Each structure stands twice: as structure tokens, then as C-alpha cells.
Amino acid sequence: LATNQGVVGSNPASRAMTTEPDPRTFFDKVWAEHLIADLGAGAFLLQIDRLLLHDVTGGVVMRELGTSGHAAASPQQVFAIVDHLLTTLPAPGLRTGWTPVAAQMIDETRYAARVLGLTLLDVGDPRQGITHVVAPELGIALPGLAIVCGDSHTCTLGGIGAIGWGIGTSEGTHALATQTLVEARPKTMRISFEGMLPDCVTAKDMALALIGKIGAAAGSGYAVEFAGAAVRALPIEARLTLCNMAVEFSAKYGFVAPDESTFAYLRGREFAPRGAAWDEAVAHWRTLASDEGARFDAEIRVDAASLQPQVTWGTSPQHAASVSGRVPQPEELGDPAQRALAERALAYQQLSGGTRFEDVAIDVAYIGTCTNARLSDLRLAADFLRGKKVAAGVTAICVPGSSTVKREAEAEGLDETFRAAGFEWHEAGCGMCGSGRGRLEDIRVISTSNRNFENRQGKRTRTHLASPLTVAASAVAGHIADVRRMRD
Amino acid sequence: MESFVRLTATAAPLLQANIDTDQIIPTRFLTRLSEDGLGEGLFAEWRVRADGSPNTDFVLNRPPWDRAQILLAGPNFGCGSSREAAPRALRQRGFRAVVAPSFGDIFFNNCFRSGIVPAQLPRDAVERLAAELARRGPAGGELSVDLEAGTVGLSGSELSYAFATPPRLRRMLLEGLDEIALTLTESDAIERFRRLDRTRRPWAYL
């Protein structure tokens, strides 16, 4: 491919003299910029611009680097972040791990990060928070960067026009030791949301409606570009939500090409370039968007104007439906394998097909996680909650995505709104997304998180995924609720 | 990397679609100070009942599948979380291969680094093998996975299917190579790339 030749050793002048290049996608361009070597037989050595190490998988990566005998290749490009294992319950003094072993893992992460000379975002640091929330917030993630983390939701960073993806421990150790990864080249897919979103329909609803339609495996093997008028119109935080859900339809990479909204969002952030370097970077980033006529291996179009607020009923993100409707009957599903899955899911969720969502009572309403715990998410929920009360018997929890989000929310008085409505107001962290932490067990939760897998939020916990607006409405109603019927 | 060439062993069927890595090993087993003992967490919520007793309805708790080294799985096996603990837990409980119509992309990569072959076969091939194994019952359910030849066969029969793996990962697994050492043989190319790239994208380097 002629467009890949510019990467190793060619001079820009000779490229300029060539005839009009083939139109390229955003992904093609970013891939080409990171291609160190074609290793043959479909393997490519790629430059990694940022490695993010969190306290669960990152600590293991640093431990295994030690036993491998290798050194960190480029510590200034590596960030260690404490988020998964921290308790989020407000308490005096510095927070620590939510169990003694969790506390030891945090200590191990902290110590290893210091020894390796990494930037550490620790407890007590005003910048601490969920990796995928703080990386854009601090400008650690920038457009066109290749960013990896031992966390499948690294695709979130596609929301600011980075290519982020989740890796395992061994790949993490490889990235730390070499600041490179060996990758196969994925196919490309464009998902275009045409038209404009109706009122009360958010980026989370876009993602859930999409996955409900195309299935939880549809993105396997693809790098997915979200495009179309409705995506362009999304603020950056909403794009992060949309991209966060890419891996929920098995796309390792999901992104929105950077545009003026992206640059406006990033300007002045701590790790973003400044002054002339900023101008140079923006000029470069403006060249990254997919060219007119660029070809994708797959194209999907969605009519944004027809979307409705969504909720999941089963144990896969593809088990999504409009909140105004009913739990589907498994026999309505044509494919026998899908029917069997639906039956199993309904048994786990203790639901019967045909039940109206509005008749499903909830025990817990949870707002948080790398999907939906940014300032705009909290504002959306708080705007609805102002002057209302959480229904009797419902435990409502809000866990801001970062210490910065928490501070900014408090400056606006959002914490008071949440508390007055009956929500718990927590410190920043991953909280009860991947574990019930002893509080969620055999209970029904409506959650702004991204995974409704069996036992994900605690043993026998039945999770319904939804937007912050739908979770807030459901908290007040005491059952799964359509926010459009509840507004003043 | 632990090497794998070929293996004939009992294959356990677990054919449900979209089995995610949270099912393979629940998150609570990731809070640990050593990677030893991850096998305890393998399919923990399915293997163990709420009262702590073994769930004898679960295939991996029943002989001969309790000693299976090959898993015959459904589509999109290993979707979800990137945790390498998932293939490590499989490996620690004796598994060396997973045969499925498709895999989660990150899990697929992690398998090679954990000494496990992810063998991707067409869906009808997996279904045929599953049907044959079911017909034979507990007595004769063995599969042969041959990474060198790139085949999955039903032992004692002609039934055999070809599978492809990325050649570099295949070679690393066949030979048990150290991936980092292999990449470092490209150090000159990496250095050359970085020198040029720093002038083009200085912001990437901080």
C-alpha cells in the first residue's frame, strides 16, 4: 500500500510529488503513522504512544516486567493509575483498597510505578480517577495516539480521536519493555448515525440500541469508526460513552475522528501540548479525518431520529430494548441459539417474557463507571433529580468518574442535588462495576455501567444497563422507568 | 511462552454463545498477589453452588470432563474483559486448547501467551464435533489438536478440520519463544522510527 511507505525513512518531499493518494480512513492514517515494521504474515510492529497501567492488571504487568529481566523502554509515556481497587465510600483520611489484598495490590502498583519512574495518579492526587475518565481529562490521551491498557474499555479513548485498545498482561509487559506491540491489522467498519437524536436519547442509548440490533459479536475483528451527523453533534464526553461500548459488541477499537470539538475540549489540558507545539499538533490532527470516498470493509447505518431510551433485560449487552416496551418473549427470537440464550438470561434475571419494563421493580440505582460518570452525565441525572426523591426501598448511588469530576460537580452543587434526592455521593473510582463489594448480592440494579453479565456486579446480581437519565428516573419511580413520561 | 505442538485429550463441550471472561474467571479472583491459584476461579460461579458445594450439573465437574484438556466452545468465546487471567485460569486447570467458531479478539491474543491454542473452526464443524462427542458419551470423547499441522480431529475417526492461526503467534507457541526478546531483535528499526517520529509527532513523546 503506497500510503504506508511514508513511515520508515522516506522523505516528505518525495511523497508530495506523487499523484493524488487513494482516499484513506482515519484508522488507515493512524495505523500508517505507527507502523515501525511489517514483520510478515500479517504481523505488524507498532509504536505505542501511551501505556496505561491500573491497579489490577497494571500491577501484574510491572511485577512480570521485573521477573522478565527487561527494563521499561520509555517511562515518560507510561502512566500508573489507582482506580479499580479503591473503596469509594466517603471516610476521613486517605482511602485505600476495599479489601486488605486490594490495599496490598495498590501498594504494589504504587511502589513499582515509583521504581520505574512512571507518572502515578494516586489516591490523594487531585487528578486521580478512573483511567478512561482521567486520560482524556488530563490530555494524556490525544488524537491520533496509539494507547493501550490492560482493560478492554480502553476503546473509550476513541472518543477524543485516539486509537485505544485493551490488551492482556503479557502484551502489557511487552509494551512496557519495548513501547511497541505486534498486532494484526483489523478490518475497518463505519457506523453512521444519520439524523439527529430525539430528546432524552443519549450516547448510551445509541450504543445499546446499536448492539441490540447488530449483536454482541458484530464488531469482532473490526476497528470501528463512529460517524454521521448525530455523532458529530455529540459533545466529547458523550463520544467517550459511545466508544466505551464498542467492546460490548466485540470491537476492540472504536473511535470518532477528531474535529474542532475535540481540539476545543483538549486545549490547555495538563499533558496536551502548549503554545506553538499545540498549533503544530492541531494542524496535524486536522489531517486525520477519513477522506471523502475512503472505503470501509463494512458499513452500518442507523437512523438516529428513530432511537428511543434503552434498557437491557438479559445478561448480554445485546439484550437491549426500548424502555417504553416489554421484555421480549424468547420464542419471538428466530435463531434457536439466541432463543436458548434468551431463556437462560431471563431465568438468571428472574424475568418473564412479555413483562412491561415499567413493571420491573428495582433495588438499586447506580450512576458511575468509565461509561457514564463524567460531569455531563452527572448534570443530566441531577437536572432530572432536582426536587425529586428516590423511591422508598431503593438504594441510589452516585460514584463520580474522577476526583476532578467530583470537585467540579460539587462546585456546581450537584452533590447537594444527589444527596437531597436520596443518593449516596461517593469518592471517585471504578466502584461497583465489576463487583458488588459485598453490598450488591442477589439484587436488581439499574446501572450506567457497560456490562450486564451474570454475576458481574455481584453474585446473582441482576443488572439492567441504561443511561444516567433512565437510571435517575428509575431511582425515583422505584421501577424501570421511561424518563419521557416523568418530566415536569 | 510455554510451547504447544499437538495434543490428544478429552474435550469438554461448553457451547453457549458469548461466554465472557467474567464467566471464565470472575473479577473477585483477580484481587490477588500472585498469578498462582487463578485456576480456583475458573468458571467459579458455574462450578460452585451458592451453598459452596460443587455443581454436579456443570460439565467440568463431571468425569471424564473434569480432566478435560480441550474445551469445545460456542461463538464469541472469551468476549468482554481483557483479563489474561481467563486463559491463565484455563491453563492452570490443565487446558491446552479451546476450539470455537469465534473468539473475543483480546482473549484470542492472550491465549497464545498463556500456552493455549485458540483453534477457530467453522460453526458447522464445531457443531459436528459436538454432536459426535455427544453421541460417543463419556467413554470416547477425545479430540486431537495439532498446531503444527493446523488441524482439529476427532480421535478414532477420519473427521478432521483445518484451522489457521496468525503465523507469528503460531511459531511463538510452537517454539515457546520469548516475545519480548524477539521484538528486541528489531531494535534498530524501532530506534530509526522513533528518531523520525519525534520530529513529526513530538507531542506523542511528552
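As for the confidence of the model for chain A
Per-chain confidence: chain A averages 95 in pLDDT, with 96% of residues scoring 70 or above. The low-confidence segment residues 1-16 of chain A, where pLDDT is below 50, has 20 contacts with residues more than four positions distant or belonging to other chains.

So, the sheet that holds strand β2 (residues 70-73) of chain B
All names here are of chain B. Spatially, seven strands are ordered β4-β3-β2-β1-β5-β6-β7 in an open sheet, and the strand pairing comes out mixed. With one partner strand each, in any of the chains shown, β4 (117-120) and β7 (160-162) form the two edges of the open sheet. Ignoring strand direction, the axes of neighbouring strands in this sheet form an average angle of 25 degrees. Here strand β3 (residues 97-100) runs beside β4; their pairing, made up of four bridges, is parallel. Across the sheet, the residue bridging to A97 is V117, located in β4.

Some thoughts on the interface of chain B and chain A
Each partner contributes residues to the interface: chain B has 57 residues there, and chain A has 79 residues. Interface area, chain B with chain A, both sides summed: about 5300 Å², of which 55% is carbon and sulfur. On inspection of chain B and its partner chain A, the count reaches four salt bridges. Among the ionic pairs, D22 of chain B bridges to R456 of chain A, the shortest N-O distance being 2.9 Å. Connecting chain B to chain A are 28 residue pairs in polar contact (both at pLDDT 80 or more). Among the secondary structure elements, those contributing two or more residues to the side of chain B that touches chain A are α1 (21-24), α2 (44-47), α4 (105-113), α6 (167-175), α7 (179-184) and α8 (187-200) of chain B. No other element matches α8 of chain B, which puts 10 residues into the side of chain B that touches chain A. Partitioning the side of chain B that touches chain A into residue classes produces 21 nonpolar, 14 polar and 22 charged.

Comments concerning the environment of R267 of chain A
Residue and element names in this part refer to chain A. Along the chain, R267 falls in the loop between α10 (260-266) and α11 (275-285). Classification of R267 by relative accessible area gives exposed; the value is 57%. For the pair R267 and W278, spaced 11 residues apart in sequence, the C-alpha to C-alpha distance is 7.9 Å.

Observations regarding the sheet that holds strand β9 (residues 187-194) of chain A
The pairing of strands in a sheet happens through backbone hydrogen bonds and is either parallel or antiparallel. Residues and elements named next belong to chain A. Across the sheet, which stays open at both edges, the four strands sit in the order β11-β10-β9-β12 with parallel pairing between neighbours. Each of the sheet's edge strands pairs with one partner strand only, and the pair in question is β11 (253-255) and β12 (298-303). For this sheet, the mean angle separating the axes of adjacent strands, direction not counted, is 20 degrees. Pairing geometry for β9 and β12, over six bridges, is parallel. The residue bridging E194 from the neighbouring strand is D303, located in β12.

Looking at the packing of aromatic side chains
Under the criterion given, the structure shown has 20 aromatic pairs over all chains. Look at W285 of chain A and W203 of chain B: their rings are 6.0 Å apart centre to centre, the planes differ by 80 degrees, and that puts the pair in the edge-to-face class. You can see W285 of chain A sitting in helix α11 and its partner W203 of chain B sitting in the segment after α8, one on each of two chains. For the pair W285 of chain A and W203 of chain B, a shared accessibility class is recorded, and that class is buried. Geometrically, the ring pair formed by F108 of chain B and F112 of chain B is edge-to-face, given 5.3 Å between the ring centres and 75 degrees between the ring planes. In this pair, F108 of chain B and F112 of chain B both sit in helix α4, four residues apart, roughly one turn of the helix. Like F112 of chain B, F108 of chain B is buried. By the ring-pair criterion, three or more aromatic residues cluster together here, those being F26, F27, W31, F44, W165, Y253 and F255 of chain A. The positively charged end of K388 of chain A is found above the aromatic ring belonging to F384 of chain A, 4.2 Å away from the centroid.

Here's the deal with α6 of chain B
Turning to α6 of chain B, its buried residues number three or more, namely R168, L169, M172, L173 and L174 of chain B. Among the structural elements, β1 (35-40), β2 (43-47) and β8 (180-183) of chain A together with α4, β4 and α7 of chain B are those in contact with the buried residues of α6 of chain B.

Thoughts on the nonpolar core
By size, the foremost hydrophobic cluster in this structure holds 73 residues, and its most contacted members are W165, L176 and W285 of chain A. Once you skip the residues sitting within four places of it in the chain, L176 of chain A turns out to touch L51, L53, V61, M62, L65, A71, A72, A73, V78 and L116 of chain A.

Side note on the confidence of the model for chain B
Taken as a whole, chain B shows an average pLDDT of 96; of its residues, 100% reach a score of 70 or greater. Among the scores for the predicted complex, ipTM is 0.96 and pTM is 0.95.

A look at the pairing of strand β15 (residues 364-367) of chain A
All names here are of chain A. Going residue by residue along β15, you find V364 and Y366 tucked away on one face and A365 and I367 tucked away on the opposite face as well. Bridge count for β15 against strand β16 (residues 395-398) is four bridges, and the pairing is parallel. Bridge pairing in β16 places Y366 opposite I397. In this fold, the crossover linking β15 to β16 by way of helix α13 (residues 375-385) has right-handed handedness. When β15 meets strand β18 (residues 444-447), the two strands line up parallel, connected through three bridges. What sits directly across from Y366, in β18, is S447.

Examining the pattern of salt bridges
Tallied over the entire structure, the rule returns 45 salt bridges over all chains. Between R91 of chain B and E2 of chain B there is a salt bridge, and its shortest N-O distance comes to 2.8 Å. Placement of the pair is R91 of chain B in helix α3 (residues 85-92) and E2 of chain B in the segment before β1 (6-14), with a sequence separation of 89 residues. Residue classification places E2 of chain B among the partly exposed positions, given a relative accessible area of 33%. Taken together, the shared-partner salt bridges in this structure form one network comprising E64 of chain A together with E35, E84 and R88 of chain B.

Details of α4 of chain B
Residues and elements named next belong to chain B. Most of α4 sits out of view: eight of its nine residues are buried. Within α4, burial applies to I106, F107, F108, N109, N110, C111, F112 and R113. Of the residues flanking the end of α4, it is G115, one or two places downstream, whose phi is positive at about 80 degrees.

Things to note about unusual backbone geometry
Cis geometry is found at the peptide bond from P63 of chain B to P64 of chain B, where omega equals 5 degrees. A positive phi angle is found at S250 of chain A, which is not glycine, with a value near 70 degrees. Residue placement: S250 of chain A occurs in the loop between α9 (236-244) and β11. A relative accessible area of 7% places S250 of chain A in the buried class. The backbone phi angle of N76 of chain B is positive, close to 60 degrees, even though this residue is not glycine. Structurally, N76 of chain B can be placed in the loop between β2 and α3.

Considering the state of the cysteines
The final tally for this structure, using the stated rule, is zero disulfides over all chains. For C200 of chain A, which is in no disulfide, the shortest distance to another cysteine sulfur is to C398 of chain A and amounts to 19 Å.

The rules behind each value
Residues numbered from 1 in each chain as written. Chains lettered and ligands numbered in written order. Predicted model: local features only at pLDDT ≥ 70, side-chain atom pairs only at ≥ 80, totals over all residues. Heavy atoms only, no water. pLDDT = per-residue confidence, 0-100. Contact = heavy atoms within 4.5 Å. Pairing = 2+ DSSP bridges. Helix = DSSP H or I, 4+ residues; strand = E, 2+ residues; numbered from the N terminus. Axes fitted to C-alpha atoms, helices over the stretch in contact; angles between N-to-C directions. Buried area = accessible area lost by both parts, 1.4 Å probe. Salt bridge = Lys/Arg side-chain N within 4 Å of Asp/Glu carboxyl O. Polar contact = N/O pair within 3.5 Å; in protein donor to acceptor, adjacent residues only side chain to side chain. Nonpolar A, V, L, I, M, F, W, Y, C, P; charged D, E, K, R; others polar. Buried < 20%, exposed > 50% of the residue type's maximum accessible area, 1.4 Å probe, protein only. Phe/Tyr/Trp six-rings, centres within 6.5 Å; stacked < 30°, edge-to-face > 60°. Lys NZ or Arg CZ within 6 Å of the ring centre and 35° of its normal. Core = buried A, V, L, I, M, F, W, Y, C linked by side-chain atoms within 4.5 Å. Right-handed = clockwise from strand over helix to strand, strands pointing away. Disulfide = S-S within 2.5 Å.

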